[in-house]
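Coordinate inspection notes
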Amino acid sequence: MIINKYPGYQACIGMEIHVQLKTESKIFCSCSNKFGDEPNQNICPICAGHPGSLPSLNKEVVDFAIMAGIATNSKISQTTTFARKHYSYPDLPKNFQITQDNLPICHDGYLIIDLPDNQTKKIRLIRIHMEEDAGKNLHATENESWVDLNRAGTPLLEIVTHPDISNSQETKAYLTQLKRIVEYLGISDANMEEGSFRGDVNISVKKKTDEKLGIKVELKNINSFKYMGQAIDYEIERQIALLESGQKIKQETRSWDSKLHKTIFMRSKGEAQDYRYFIEPDLPILQINEEWINRIKKEIPELAHEKLIRFQQEYNIANYEADILVSDINLANFFEETTKFCKNPKLACNWILRDVLGFLKEKKLDLKSSKITPNLLAELLIELDKETINSKVAQEIFLEMAEYGKSPIHIIKEKDLSQIGSIDDLEKIALEVINTNQEQVKEYLSGKDRLFGFFVGQIMKATNGKANPKILQDLLKKHLK
Ligand SMILES: [Zn+2]
């Protein structure tokens, strides 16, 4: 869209993503790192920034950072240090944030993102560093604000790219891949709405023939993939239009107004803020040896792209099916568990993609909050496989199972839903239907083939939908001659 409108221009987009790590405790104290507790329940003198309190580093944060580094093809620094970044804000009682400055834990990584038509693109990462989060200001009324320090001192990874991204589609592909990686590593919930995966975007445009990058504008506080894409599209057009009309782009921070559907000015960045970084004197220089890195390498689980290939080979399912399954690690695990019980991967895959996802979408649920379990679904699929029930009845049972978490076998017994698979029983019913519908028999025999469906329907009606469809068809073919 942009390309067609302004073929001479190119957008250069860099991303800074903050990933909230799901460690047990905070980064520099032993307070609980739990989301959603009552305000100021999980604080101590260290994370509340009392003078004289001493931070000590949580090793799990370092482990998680190394994991993220390995999974993003980054180099892990042998020597890494923490630094103080000074600024003043009510949710930061120390008046500085402990972060990393010029010796971050990981550097020079990259991700290969998937684009339409089997295209790929390499997005280079400048760095990944560890830091503490600030607290949260809660604005109760116009004249009254509260500070909740539960989030103060919770661990973050900041993942920074080069400006290698060119449009909103590539942004989405990059974010999707990064989100999958941290979810599969199990180091973050990566929930954008809860703020555990949030990002800032740096965006500039330039003439394709220019070597130098344009003036960059920062987009902040955007909390969904959708808004991020819309904001980027808007911002690219806004900047090109400014240049085309001979105006200059100002270095500033803007946010996305989803109601007005445009980016709006937040603050000017005329002069870069001086944070007066210096090495954090209360934390030692951290040395990471090969042994440590090798130990973490062994702990790295199977990642999404590896699972995608394995699912196709091991379970003989299509690429697009495997792609949907691995898009969410919970869904991928659900599929494997179900298959382990029912031993029919193709059937499990079909039912998960059609019925399970359909049900969850309709009820606005996610897998974890629903009552559907791999055991229950497998129980249903085994009965279907054994032809105890036909697929129409199975769908009815599924809905009741999904809604109330009831056992399919129990529902079959309770409602007497077992399929009528006895040839003798079905033959009696088929003959009765043929006898009472002689008109239709004549028409069918004179060439009206589609009346076959009428007879199937009549028998299904007579058996409350419980007839074995295959036996039924064979019987009809035998007697309708
Ligand atoms: Zn604390």
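Since this is a predicted model, take the numbers as computed values, not measurements. (Residues numbered from 1 in each chain as written. Predicted model: local features only at pLDDT ≥ 70, side-chain atom pairs only at ≥ 80, totals over all residues.)

1. Observations concerning the overall build of the protein
Broken down by element type, the protein carries 16 helices and 16 strands. For 481 residues, the compact-globule formula gives about 23 Å, and the C-alpha radius of gyration of the protein, at 30 Å, lies well above that figure. The C-alpha extent of the protein, read off along each of the three principal axes, is 95 × 55 × 55 Å. Looking at the protein residue by residue over its 481 residues, the buried ones come to 32%. The contacts in the protein between residues at least 6 apart in sequence include a share of 68% that link residues at least 24 apart. (Helix = DSSP H or I, 4+ residues; strand = E, 2+ residues; numbered from the N terminus. Rg over C-alpha atoms; globule rule 2.2 N^0.38 Å. Buried ≥ 20, exposed ≤ 12 C-beta atoms within 10 Å, placed from the backbone. Contact = placed C-beta atoms within 7 Å.)

2. Let's talk about the domain arrangement of the protein
Once the domains are mapped, the protein shows domain 1 (2-292), domain 2 (302-415) and domain 3 (423-479). Placing a centre on the C-alpha atoms of domain 1 and another on those of domain 3 gives a separation of 66 Å. (Domains from an automatic or database assignment.)

3. Some details on the sheet that holds strand E4 (residues 83-86)
As summarised here, the arrangement of the three strands in space is E5-E4-E15, forming an open sheet in which the pairing is antiparallel. Two strands bound the open sheet, and with one partner strand each, they are strand E5 (96-99) and strand E15 (278-279). Direction of pairing for E4 relative to E15: antiparallel, over a ladder of two bridges. Across the sheet, alanine 83 pairs through a bridge with isoleucine 279, a residue of E15. (Pairing = 2+ DSSP bridges.)

4. Considering the packing of helix H2 (residues 59-71) against helix H3 (residues 168-185)
The contact between H2 and H3 brings their axes to 10 Å, and the two run at 130°. Between H2 and H3, the interaxial angle falls into the category oblique. Once H2 is placed against H3, the crossing between them reads as right-handed. Every residue of H3 that contacts H2 at Met67, Ala68 and Ala71 is listed here: Ile181, Val182 and Leu185. Split by residue class, the contact of H2 with H3 holds six nonpolar, no polar and no charged. (Axes fitted to C-alpha atoms, helices over the stretch in contact; angles between N-to-C directions. Parallel < 35°, antiparallel > 145°, perpendicular 65-115°, else oblique. Left-handed = near helix turned anticlockwise from the far one by under 90°. Nonpolar A, V, L, I, M, F, W, Y, C, P; charged D, E, K, R; others polar.)

5. Observations regarding the environment of alanine 467
The topology assignment puts alanine 467 in the loop between helix H15 (452-462) and helix H16 (469-479). For the pair alanine 467 and aspartate 425, spaced 42 residues apart in sequence, the C-alpha separation works out to 9.7 Å. Filtering out sequence-adjacent residues up to four positions away, alanine 467 remains in contact with Ile420, Leu426, Ile459, Met460 and Leu472.

6. A word on the pairing of strand E10 (residues 155-161)
Most of E10 is tucked away: five of the seven residues are buried. In the sheet, strand E7 (residues 119-132) pairs with E10 via seven bridges, with the strands oriented antiparallel. Counterpart to arginine 127 in the pairing with E10 is valine 160.

7. Concerning the nonpolar core
Counting 95 residues, the largest nonpolar core has Ala65 and Ile397 as its most contacted members. Three or more residues apiece are contributed to this core by two domains, here domain 1 (2-292) and domain 2 (302-415). Those residues in contact with isoleucine 397 that lie beyond four places of it in its chain are Leu380, Ile389, Pro408, Ile411, Ile412 and Leu417. In this structure, Leu426, Ala430, Val433 and Ile459 belong to the second largest nonpolar core, which totals eight residues. (Core = buried A, V, L, I, M, F, W, Y, C linked by C-beta atoms within 7 Å.)

8. What about the sheet that holds strand E6 (residues 106-115)?
Across the sheet, which stays open at both edges, the nine strands sit in the order E2-E6-E7-E10-E1-E11-E12-E13-E14 with mixed pairing between neighbours. Each end of this open sheet is capped by a strand with a single partner; those strands are strand E2 (75-76) and strand E14 (262-268). Bridge analysis of strand E1 (residues 9-20) against E10 gives five bridges, and the strand direction is antiparallel. The residue of E10 that forms the bridge with histidine 18 is glutamate 158. Lying over the sheet, helix H4 (residues 225-244) contacts E1, strand E11 (197-207), strand E12 (217-222), strand E13 (252-257) and E14, oriented at roughly 25° with respect to E11.

9. Some thoughts on the pairing of E6
Where E2 lies against E6, two bridges are found, and the strand directions are antiparallel. Residue pairing for E6: isoleucine 76 is matched across the bridge by cysteine 106. Between the end of E6 and the start of E7, which pair antiparallel, lie three residues, with aspartate 117 showing a positive phi angle near 60°.

10. Section: the environment of threonine 209
Structurally, the position occupied by threonine 209 is in the loop between E11 and E12. Separated by 199 residues in the primary sequence, threonine 209 and glutamine 10 place their C-alpha atoms 9.2 Å from one another.

11. Considerations on helix H13 (residues 423-436)
Each α-helix winds once per 3.6 residues, and so residues spaced three or four apart point in a common direction. An ideal rise of 1.5 Å per residue puts 20 Å on 14 residues; H13 measures up with 20 Å between its terminal C-alpha atoms. Looking only at H13, the buried set comprises Leu426, Ala430 and Val433. The arc enclosing the buried residues of H13, seen along the axis, measures out at 60°, which places them on a common side. Exposed and oriented more than 90 degrees from the buried face of H13 are Asp424, Lys428, Leu431, Asn435 and Thr436. Those residues of H13 that are buried are in contact with H15 and H16. (Expected span 1.5 Å × (residues − 1). Arc of directions from axis to C-beta.)

12. Let's talk about the packing of helix H9 (residues 345-363) against helix H10 (residues 374-385)
Here H9 crosses H10 at 120°, and the two axes come no closer than 11 Å. Relative to H10, the element H9 lies oblique. Seen along the crossing, H9 lies across H10 with a hand that is right-handed. Of H10, the residues touching H9 (which contributes Leu347, Ala348, Trp351 and Val356) are Leu377, Leu381 and Asp385. Residues that form the contact of H9 with H10 fall into these classes: six nonpolar, no polar and one charged.

13. Describing unusual backbone geometry
Among all residues except glycine, the phi angle is most often negative; among peptide bonds, the trans geometry is most common. Even without being a glycine, asparagine 118 presents a positive backbone phi close to 60°. The exposed category is assigned to asparagine 118, around which 6 C-beta atoms lie within 10 Å. In this structure, asparagine 221 is a non-glycine residue whose phi angle is positive, near 55°. Residue class for asparagine 221 comes out partly exposed when judged on the 13 C-beta atoms lying within 10 Å of it.

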